[in-house]
Amino acid sequence: MTLAPSITLGTKAQTLQRLRGVLTTATIADQVTITVAQWRGDQQGCLHTIHRTFPAGQLIVRSSAPGEDSAADSAAGVYTSVLHVPAAAPDALAQAVFAVASSYTRRHGQAVDDFEILIQPMLCEVTFSGVALTRDLNTMAPYLVINYDEGERTDTVTSGIGTIPRVVRIHRQAPTTGLKPPLDAVAATVRELIHLTGRPELDVEFAVTAGQLYVLQVRPLPGAAHDHTAADARVAAEITQVKETLHARNHPRHGLYGTQDVYSNMADWNPAEMIGAHPRPLALSLYQRLITDHVWRDARRLLGYHNPAPHHLMVILAGHPYVDLRADFNSYLPADLDDQLCHKLVDCYLARLARCPQAHDKVEFRICPSALAFDFPQHAEALTNAGLTPGEIGRLRASLLHLTSRVVDDHGGQLAQMHQLIGQLPARRAQLLAHIHGEHPLFLADALLGDTLHHGTLPFAVAVRGTFIATALWRSLLTTGVIDQTQHDALLADIETVATRFADDLAVCRRGQMPLEDFLACYGHLRPGTYDITIPSYAEAPHLYLAGSHAAPTQRPSTTTQVLPISVMRDIDARLTRIGFDFTAQRLLDFVRQTHTHREAYKFQFTANISHALTLITAFGRRHNLDTECLSYLTVEDILACANATITAHDVARLRHLAEDRCHTHVAQSRVLLPDVITSRHDIDILTSQHAPNFITNKKVTAPAVLITWPQLTESTDLAGRIVLTENADPGFEFLFCRGIAGLITRYGGAASHMAIRCTETGIPAAIGCGQNTFIHLARANTITLDCAQQLIIPMT
């Protein structure tokens with residue numbers, strides 16, 4: 001859409017001059033503009049003009065070149081600007097002007113007579129500054145994106161050095177009444193600038209001093225010249241649909257305690273980490289079928305938790321998967337609690353998370369106690385502040401005590417039963433794959449996924465719950481000061497899992513003591529992106545993951561069998577007795593080891609079934625000229641339905657047409673930006689950062705950064721000695737730990753996620769789950785300092 005402009009954009013200086021006296025919502029500072037030709041012809045006259053306008057104070061001498069800021073390209077940062085130039089010092093001012101002019105000639109030779117030099121007062125005591133864009137640069141979606149920092153420098157956002165700016169994203173059609181000052185003023189100014197210039201695509205630099213908003217620069221947004229009218233309308237329609245869905249669900253629902261809804265993309269089964277924040281239909285439908293439809297609650301029911309049937313865990317909003325935290329918190333309630341208390345607890349937990357959304361990836365530890373751990377008094381205090389009575393808190397404590405004791409000692413035998421059940425999976429899988437050359441590939445894929453459901457993900461979900469209980473107990477010993485960080489990490493590093501055996505076996509393979517075929521027979525099913533058919537498995541592309549044989553496996557920290565001193569073990573024994581547990585400190589340590597080992601082993605087994613099923617689906621697609629890109633846009637139900645019929649050319653055409661439609665929908669929905677946590681419909685309009693990274697180890701490292709994306713990763717990608725950035729990381733990323741990486745940063749991931757545990761085991765400094773805004777900023781850095789002890793991530797150019 002083209003607006004009727006009253007201001008035409010020109011050079012930096014021309015645009016600011018034209019806006020003076022016209023812009024009503026912000027201030028344009030006084031200015032003097034001279035050309036290079038004027039400076040060369042009469043330096044003293046130019047200095048006199050500047051001094052007459054600015055006799056005292058600090059000045060900034062800025063570049064203002066033709067074409068520096070155009071709709072086709074931006075030369076931001078190419079030319080010199082000089083800050084804090086004393087107005088009363090002619091020599092310093094002359095040197096500053098000369099420096100800017102020289103930056104022109106270095107790039108363009110002597111043909112720069114018309115290039116301008118802009119002189120303005122230097123803003124002092126700046127409290128708020130940044131850059132506002134009228135589109136999201138990654139998707140060109142219609143959002144006002146305000147990158148800002150609070151501090152005296154006005155270039156922290158544009159320089160990209162030493163700071164990670166905060167970001168607010170506002171849908172362009174949304175009201176800004178919920179914005180706090182001065183963000184509301186920035187939004188109002190940008191909207192006025194769109195009206196004045198007739199340009200919907202702008203890049204605006206701003207600063208606030210003494211409560212006054214200044215516009216420092218207005219330029220066209222590069223690369224936004226296309227007509228986005230139809231795409232923008234689709235975004236608006238999708239947002240309307242999301243709001244309607246939220247409204248329809250936000251009421252008391254049969255079978256659920258609690259009266260309100262909150263959604264998270266990283267809580268519990270963390271869909272953003274496991275399948276991505278905007279997965280394709282095949283990956284999404286697989287995750288629903290195997291985990292989030294009912295397995296998640298079936299497993300908890302077996303261990304003594306409330307069963308919120310028939311509700312599913314995951315809700316899809318504009319193609320983005322979210323955990324329904326009302327249903328989730330229901331499943332953390334002990335089954336023997338009365339209804340009235342359950343209602344109060346769920347509403348309390350939801351309200352706590354709404355006040356502290358950055359805890360959404362660690363709700364089991366910070367928000368909703370699902371086991372009785374040593375830090376329960378802190379939870380009890382929060383519950384008291386929320387209005388629960390001592391009697392109600394006591395009933396919750398008693399139920400958690402019974403449930404925790406039952407799981408740790410496996411009184412009900414569920415852990416042993418699940419261990420036996422998943423132990424049958426390898427033989428069942430081998431039996432099915434023995435018919436791979438005779439059976440229809442989709443029959444086998446369907447059978448493998450059926451076995452995954454009953455013999456894989458259900459035992460795994462039970463093991464995961466046991467691991468969370470073990471982690472809650474072990475972690476609370478740290479947070480209450482019974483053990484220190486070194487002791488906490490030492491136990492986890494001492495646990496041998498299938499992941500540690502992977503590293504050992506790969507080292508043996510690299511030494512030529514194990515044939516590659518044998519290694520791949522065991523580990524070849526791994527694929528980064530367990531549910532993503534477009535990413536090859538290790539067996540399908542060993543050169544991609546196992547390259548770099550010159551790099552030694554990442555070394556695990558050396559530990560001793562005796563993790564804790566006798567005095568500490570006795571202290572834990574005494575504390576367990578005071579709480580009311582019958583098990584000992586040694587049983588607790590054994591339980592931590594056992595649950596972590598089983599969780600990784602079970603995961604390794606059920607993901608093998610998924611990987612082989614995807615390979616079989618790929619084979620089906622190959623028979624009918626449907627590549628993995630096409631298949632990824634079909635649901636697993638679409639595909640498996642073809643196992644029961646003779647496939648005709650018409651059927652293939654229908655599948656291809658369905659995939660194309662889903663692809664168009666996926667692309668359209670990728671421009672819908674949604675927050676990590678949704679507490680109300682207002683959160684859909686105004687998106688703020690809601691992530692606090694999970695820092696692993698207390699180490700500090702400065703190293704070159706490398707971003708891993710698919711399919712850009714190649715066998716020549718150098719990872720050794722680098723801090724690796726990746727959107728999410730599941731067990732298929734095990735190869736990273738054998739490539740000598742210096743550190744790991746992920747966009748998504750929780751405190752107890754696979755990568756958090758593996759980095760603890762291997763002693764690799766990491767920031768797991770740093771969130772969208774931080775990750776996007778870090779992805780542009782060449783070098784990063786990761787200081788886990790101080791919980792800092794510092795990007796460098």
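Here, the structure is the one placed above.
Please read these numbers as outputs of a predicted model, since none were measured by experiment.

Caption draft 1: The arrangement of the overall build of the protein in detail. Along its length, the protein carries 30 helices and 21 strands. The C-alpha radius of gyration computed for the protein amounts to 30 Å, which stays within 12% of the reference 28 Å derived for 797 residues, consistent with globular compactness. In terms of overall dimensions, the protein has C-alpha extents of about 90 × 70 × 60 Å along its principal axes. Separation of charge centres in the protein, based on 65 positive and 77 negative side chains, amounts to 1 Å.

Caption draft 2: Examining empty space enclosed by the protein more closely. For the structure shown, the criterion picks out six cavities of 30 Å³ or more. In this model, the largest cavity occupies a volume close to 360 Å³. In terms of lining, the largest cavity is formed by 31 residues, of which the most central are Asp268, Trp269, Asn270, Met274 and Arg599. In the lining of the largest cavity, the residues fall into 15 nonpolar, seven polar and nine charged.

Caption draft 3: Main features of the environment of Cys522. Take Cys522: it is sitting in helix H21 (residues 516–523). You can call Cys522 partly exposed: its relative accessible area is 36%. For Cys522 and Trp39, which are 483 residues apart along the polypeptide, the C-alpha to C-alpha distance reads 73 Å.

Caption draft 4: Highlighting the sheet that holds strand E17 (residues 723–726). Spatially, the seven strands line up as an open sheet ordered E15-E19-E18-E17-E16-E20-E21, and their pairing is mixed. In the strand order of this sheet, the two ends are held by strand E15 (694–696) and strand E21 (792–796), each with one partner. Sheet twist, expressed as the average angle between the axes of neighbouring strands with direction ignored, equals 30 degrees.

Caption draft 5: View of the nonpolar core. Membership of the largest hydrophobic core comes to 126 residues, with the highest contact counts inside it found for Phe329, Tyr531 and Ile572. Setting aside residues up to four positions removed in sequence, Ile572 forms contacts with Phe374, Leu477, Val482, Leu564, Ala585 and Leu588. Of all hydrophobic cores here, the second largest spans 36 residues; its members include Ala503, Leu546, Ala729 and Ile741.

Caption draft 6: Here's a closer look at the packing of aromatic side chains. Under the defined criterion, the tally for this structure stands at 20 aromatic pairs. On the numbers, 4.8 Å between centres and 40 degrees between planes, the contact of Phe519 with Tyr523 is tilted. In this pair, Phe519 and Tyr523 both sit in helix H21, four residues apart, roughly one turn of the helix. We note that Phe519, like Tyr523, is buried. Three or more aromatic residues joined by ring pairs make a cluster, and in this case those are Phe502, Phe519, Tyr523, Tyr538, Tyr545, Phe604, Phe733 and Phe735. Over the ring of Phe365 we find Arg475; its NZ or CZ atom is 4.5 Å from the centre of that ring. The ring of Phe737 has Arg758 sitting right over it, with the charged end atom 4.8 Å from the ring centre.

Caption draft 7: Region of interest: the sheet that holds strand E1 (residues 32–35). With respect to topology, four strands assemble into an open sheet ordered E1-E4-E2-E3, the strand pairing being antiparallel. Taken across any chain shown, the strands that pair with only one partner, and hence form the sheet edges, are E1 and strand E3 (82–86). Taken over all neighbouring pairs, the strand axes of this sheet differ in orientation by 30 degrees on average, direction set aside. In this sheet, E3 lies alongside strand E2 (residues 58–64) in antiparallel orientation, the contact comprising three bridges. Its bridge partner lying in E3, Leu59 is registered against Val85. Running at roughly 170 degrees to E1, helix H3 (residues 43–53) makes contact with E1, E2 and strand E4 (116–121) of the sheet.

Caption draft 8: Highlighting helix H29 (residues 754–762). Within H29, nine of the nine residues are buried, which leaves it mostly tucked inside the rest of the structure. Restricting attention to buried positions, one finds in H29 the residues His754, Met755, Ala756, Ile757, Arg758, Cys759, Thr760, Glu761 and Thr762.

Caption draft 9: Expanded view of the pattern of salt bridges. Scanning the model with the defined rule gives 36 salt bridges in all. Notably, a salt bridge pairs Asp261 with Arg253, separated by 2.8 Å at the nearest N-O pair. Each member of the pair, Asp261 as well as Arg253, carries the same accessibility label: buried. A salt bridge links Arg300 to Asp328, with the shortest nitrogen-to-oxygen separation between them at 3.2 Å. On the criterion of sequence distance, the pair formed by Arg300 in helix H10 (residues 295–302) and Asp328 in helix H11 (residues 325–330) is long-range, its members being 28 residues apart. Assessed through its relative accessible area of 0%, Asp328 is described here as buried.

Procedures and definitions
- Residues numbered from 1 in each chain as written.
- Predicted model: local features only at pLDDT ≥ 70, side-chain atom pairs only at ≥ 80, totals over all residues.
- Heavy atoms only, no water.
- Helix = DSSP H or I, 4+ residues; strand = E, 2+ residues; numbered from the N terminus.
- Rg over C-alpha atoms; globule rule 2.2 N^0.38 Å.
- Lys, Arg positive; Asp, Glu negative; His and termini not counted.
- Charge placed at Lys NZ, Arg CZ, Asp CG, Glu CD.
- 1 Å grid on protein atoms, 1.4 Å probe; cavity = no way out; pocket = protein on both sides within 12 Å on 5 of 7 lines; lining within 4 Å.
- Points joined across faces, edges and corners; volume = space filled by probe spheres on them.
- Nonpolar A, V, L, I, M, F, W, Y, C, P; charged D, E, K, R; others polar.
- Buried < 20%, exposed > 50% of the residue type's maximum accessible area, 1.4 Å probe, protein only.
- Pairing = 2+ DSSP bridges.
- Axes fitted to C-alpha atoms, helices over the stretch in contact; angles between N-to-C directions.
- Core = buried A, V, L, I, M, F, W, Y, C linked by side-chain atoms within 4.5 Å.
- Contact = heavy atoms within 4.5 Å.
- Phe/Tyr/Trp six-rings, centres within 6.5 Å; stacked < 30°, edge-to-face > 60°.
- Lys NZ or Arg CZ within 6 Å of the ring centre and 35° of its normal.
- Salt bridge = Lys/Arg side-chain N within 4 Å of Asp/Glu carboxyl O.

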